[in-house]
Amino acid sequence: MRFSLVALIVISATALVGTGATIGVVDYFAGDLPSIDAIQTANLIQTTRILDRNGNLIEALYHENRTVVPLSKISVKLQRATIDTEDRTFYANSGVDYRRLLIAIVYDLTHRTGTLGGSTITEQVVKNDVLDTTEAQSRTISRKFRELLLAEEMERRYTKQQILELYLNSINYGNGAYGAEAAAETYFQVHASELSWAQASFLAGLPQAPSDYDPFGTPDQLDAAKVRWREVLDGMVAVGDLSGSAADTIYAGDLLTRMLTLHKSLALAHNPLTAHFVDYIVAYIKQRYGDVALYEGGLTITTTLDLSTQAMADKWVKSGVRTYAKRGVNTGAMLVMNPSDGEILAMVGSADYNNAAIRGQINLTGTDPLGWRGVGSSFKVYTYGAALQAGLVTPASLLNDSTSVIGGHSFSDWDGKHEGFITLRTALAQSRNLPALWTYSSEGGDRVVSFMHNLGVTAPIQTPDGVATTLGPDAISMTEHLAAYSAFDNGGYRVAAHAVLRVTDSSAKVLEALDANAGRVSVVSPELGYMMTDLLRGPVKLYLGGLGARPVAGKSGTTEAYTGSIFIGYTPDLAVAASLMHIDAGASCNSGYAYLATTFPPSGWQCPTSVLFGENVGVSVWKPFLEEYYSAHPWPAFWAQPAGVVSRQVCSYDGGYVSSGGYNEIFLRGVGEPRYPCGANPYPGEQPYVPPAPPAPAPSPSPH
């Protein structure tokens, strides 16, 4: 393309110079060049709106905070720094620096890259403010040729001062600042006319890649901004606007420290109620459509969020933190979704988005790996689900809650007690550790991890062969964990979290719309899903009072040393996960309970609380949220039992089938039904089975 472009320019110039054809070509490419006023206001009406599912405004993203100022109100220092950095021959060239363009072409061809730019300030104005977005982003010869001719035509129509004024009022400086005035206020809280050499040189480097050179972003972005600043200062030294010593003094100063301190002191733009969700949406739209579309495209993003449900979730997370503050809890999270299609109805990523002491801006619902956490015993569902699916156990199987040593390692339970051999149903309801450890050991970690991944949990498991994996120490995304549970709820279909219902552009053209059935994949049978749901009703009946009579299923999870507690579950039309924990900003743990971390080094992330079980989260956060939600929504009907789930009578001795005198349990037809009679499969050390004596016949009535 570069060679073709050069050839086209040379041939065209040769053929057209001194002929009337020049006028025709220029008229063809530049005849629709708008006025200065039209260029300045063309992009000021494009505001992106993020709405909840009911059309309520969550947040507006725009660049209309830009204040257009005359060139006389823009510091000469910024003007010089910008010209030195972007276009050193600005006042001498005719809108196109052909020497610079040729150097860029040769460099890119010889280095097989397209990184060395050759655009003048005038060309950038044409690309950013004259060409439409689609044309500006295209990489065609005709687009570049039009850009060059329009740049030269702009130079004939407007003065250098007008062009520079337009450039400095419209260029993107990052962090929502378009134009010099907004940039000066955003980064330094001064007017553009008040910029120092240090401030001006820093701003001059940002437009090249404002997303990469973000001093308020990640450490890598801040480092990149520093490197870019040094490049700008070196360029200013090269043209004589700064001496080498002055540049060194500027670079060694405290500009960045003061800028970052000022930035942290300012109120954040996000509404803290929905800030984590907005961050999630912004990241998604940027990745899919780019920064320009997000901030200038006039998009309408209708999300899955329900603001009333969001406020409810936020209320109960904060309530849980207050309830257990004396135990060291300082933050928490909640995610609410539709289990049928993964639509996110509420997302509370922390107890306080603006609180840096608890790393409040990290989203603990796990939309980013930074927020992944251990899930404790709620992982046991994958262990039992995989074993039930394979026909290795049934709900009536007696599991070992007696032997503490497994594979040479000694384990204990949360209460330090042993209950002998108990049914799987009882073991899951009471969240007994030893039965889950023995089940994991007998079926093998690969089966469990494969089952979990098939449900949609992507987190790697550090030691799948280690039986302790079933106790949930590995960091997992709450979002994926809840979506995986949803497969049991919705008939066996894997779902992924979705946050966007529809995106339309400024002309109301639909760019995307959620198809709830797209990619719908069955990952477990409806029968297994129903059985897991029936088993998960046990913890609710045991710990959550009146919810036990409702169509509610759930499971608690508590991590080692109480570093995080979770309660996760669902109804037929709602899936909810909630957690409470302690997080510090620094590397050390300051909760006051670091001594509880006996097998790992406590840190800001891994910070123990006092005794805090997942059941505490269920009682104080999960249950009251559900009760309030269903005070405003009708309770759904109970799950319908599939034909492939059958009820059989079994005995408590060993879970074998019996014709009478036992209890009813559900089984997967065929693969999961009891295959032996009562008494045929005693656990080790059990007394021999003695069938109950038949009842004595009732005496006949005496004749009168």
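Because the structure is predicted, anything quoted here is derived from the model rather than measured.

**Q** Even after reading the chapter, I still don't get the overall build of the chain, so can you show me in this structure?
**A** Scanning the chain for helices and strands turns up 24 helices and 20 strands. Out of the 704 residues in the chain, the part that is buried amounts to 51%. When the accessible surface of the chain is split by element, carbon and sulfur atoms take 54% of a total near 30600 Å².

**Q** Sorry if this is basic, but what is going on with the side chain of N330 here?
**A** Examined against the element boundaries, N330 turns out to sit in the loop between α17 (307–323) and β4 (331–337). In terms of polar contacts, N330 uses its side chain to reach the side chain of H582, at 3.5 Å. Those residues in contact with N330, other than ones at most four positions away along the chain, are V321, A351, I358, M581, H582, I583 and D584.

**Q** Whenever I open this one, the nonpolar core confuses me. Can you help?
**A** If you look at soluble globular proteins, the nonpolar side chains tend to sit buried side by side. Formed by 83 residues in total, the largest nonpolar core has its most connected members in Y382 and L455. Here the element with the most residues in this core is helix α22 (residues 478–489); it accounts for seven residues. Not counting residues up to four positions away in its chain, the partners in contact with L455 are Y382, A484, A487, F488, R494, V523 and V524. Among the nonpolar cores identified, the runner-up in size contains 53 residues, and I171, A182, A183 and Y187 belong to it.

**Q** What should I look at first to understand helix α12 (residues 219–239) in this one?
**A** Count 3.6 residues to each turn of an α-helix, and residues three or four apart come out pointing the same way. Under the 1.5 Å per step criterion, the end-to-end length of α12 is 31 Å for 21 residues, consistent within 8% with the ideal 30 Å. Looking at α12, one finds that the buried residues are L222, A225, R228, W229, V232, L233, G235 and M236. Viewed end-on, α12 has its buried residues packed into an arc of 155°, placing them on one side of the element. Exposed side of α12, more than 90 degrees from the buried face: P219, D220 and A238 are the residues found there.

**Q** Quick question: what am I supposed to make of helix α9 (residues 160–170) here?
**A** Among the 11 residues that make up α9, eight are buried, leaving the element largely enclosed by the rest of the structure. K160, I163, L164, L166, Y167, L168, N169 and S170 are the residues of α9 that are buried.

**Q** Sorry if this is basic, but what is going on with the confidence of the model for the chain here?
**A** When pLDDT is averaged along the chain, the result is 87, and 85% of the positions lie at 70 or above. Between residues 41–45, whose pLDDT stays under 50, and residues either more than four places distant or in other chains, the model counts seven contacts.

**Q** I would appreciate a short explanation of the pattern of salt bridges in the present structure.
**A** Two side chains carrying opposite charge are able to pair once their charged atoms lie near each other. Applying the stated criterion across every chain yields a total of 19 salt bridges. A salt bridge links R230 to D248; its shortest N-O distance comes to 3.2 Å. Pair noted here: R230 is in helix α12 and D248 is in helix α13 (residues 244–252), with a separation of 18 residues, a long-range link. For D248, a relative accessible area of 44% gives the class partly exposed. It is possible to trace a salt-bridge network through shared partners that takes in D401, D413, D415, E419 and R432.

**Q** Would you mind going over the sheet that holds strand β16 (residues 553–558) with me for this structure?
**A** In a beta sheet, neighbouring strands pair by backbone hydrogen bonds and run either parallel or antiparallel. Within the open sheet, the five strands sit side by side as β5-β4-β18-β17-β16. Their pairing is antiparallel. The open sheet has two edge strands with one neighbour each: β5 (344–348) and β16. Sheet twist, expressed as the average angle between the axes of neighbouring strands with direction ignored, equals 5°. Here β16 pairs with strand β17 (residues 564–571) via six bridges, running antiparallel. The residue of β17 that forms the bridge with S556 is F567.

**Q** Before we go on, may I ask you to explain the state of the cysteines in this structure?
**A** As used in these notes, a disulfide is a covalent bond between sulfur atoms, one from each of two cysteines. Counted under the stated rule, the structure contains two disulfides. Across the disulfide from C589 sits C607; the S-S distance is 2.0 Å. One quick way to see it: the torsion about the S-S bond of C589 and C607 is about 65°, and its sign makes the bridge right-handed. Of this pair, C589 sits in the loop between β18 (574–581) and α24 (614–632) while C607 sits in the loop between β18 and α24, and the two are 18 residues apart along the sequence. Both residues of the pair, C589 and C607, belong to the buried class. Across a sulfur-sulfur distance of 1.9 Å, C651 and C678 are joined as a disulfide pair. Between C651 and C678, the S-S dihedral sits near 100°, and the bridge is therefore right-handed. Taken together, the residues C651 in the loop between β19 (645–650) and β20 (663–668) and C678 in the segment after β20 connect sequence positions 27 residues apart. By relative accessible area, which is 8% here, C651 ends up buried. Cysteines bonded in the chain are numbered consecutively along the chain; their disulfide partners then correspond to 1-2, 3-4.

**Q** Quick question: what am I supposed to make of unusual backbone geometry here?
**A** Across residues other than glycine, the phi torsion is negative in most instances, and most of the peptide bonds are trans. Backbone geometry at Q189 places phi at a positive 55°, although glycine is not the residue there. Structurally, the position occupied by Q189 is in the loop between α10 (180–188) and α11 (197–205). Classification of Q189 as partly exposed rests on a relative accessible area of 46%.

**Q** Help me understand the packing of aromatic side chains, please; the structure alone is not making it clear to me.
**A** Both the distance between ring centres and the angle between the ring planes are used here to describe each pair of aromatic rings. Per the stated rule, a full pass over the model turns up 19 aromatic pairs. Ring plane angle 65° and centroid distance 6.3 Å describe the contact between Y485 and F488, whose orientation is recorded as edge-to-face. Of this pair, Y485 and F488 both sit in helix α22, three residues apart, roughly one helical turn. Neither residue differs from the other here; Y485 and F488 are each classed as buried. Clustering of aromatic rings is evident, with ring pairs tying together Y187, F188, F202, F216, W229 and Y251. Across the ring face of F90, the terminal group of K160 is positioned such that the distance to the ring centre comes to 4.5 Å.

How each quantity is defined
Residues numbered from 1 in each chain as written. Predicted model: local features only at pLDDT ≥ 70, side-chain atom pairs only at ≥ 80, totals over all residues. Heavy atoms only, no water. Helix = DSSP H or I, 4+ residues; strand = E, 2+ residues; numbered from the N terminus. Buried < 20%, exposed > 50% of the residue type's maximum accessible area, 1.4 Å probe, protein only. Areas by Shrake-Rupley, 256 points an atom, 1.4 Å probe, with all protein chains shown as cover. Polar contact = N/O pair within 3.5 Å; in protein donor to acceptor, adjacent residues only side chain to side chain. Contact = heavy atoms within 4.5 Å. Core = buried A, V, L, I, M, F, W, Y, C linked by side-chain atoms within 4.5 Å. Expected span 1.5 Å × (residues − 1). Arc of directions from axis to C-beta. pLDDT = per-residue confidence, 0-100. Salt bridge = Lys/Arg side-chain N within 4 Å of Asp/Glu carboxyl O. Pairing = 2+ DSSP bridges. Axes fitted to C-alpha atoms, helices over the stretch in contact; angles between N-to-C directions. Disulfide = S-S within 2.5 Å. Phe/Tyr/Trp six-rings, centres within 6.5 Å; stacked < 30°, edge-to-face > 60°. Lys NZ or Arg CZ within 6 Å of the ring centre and 35° of its normal.

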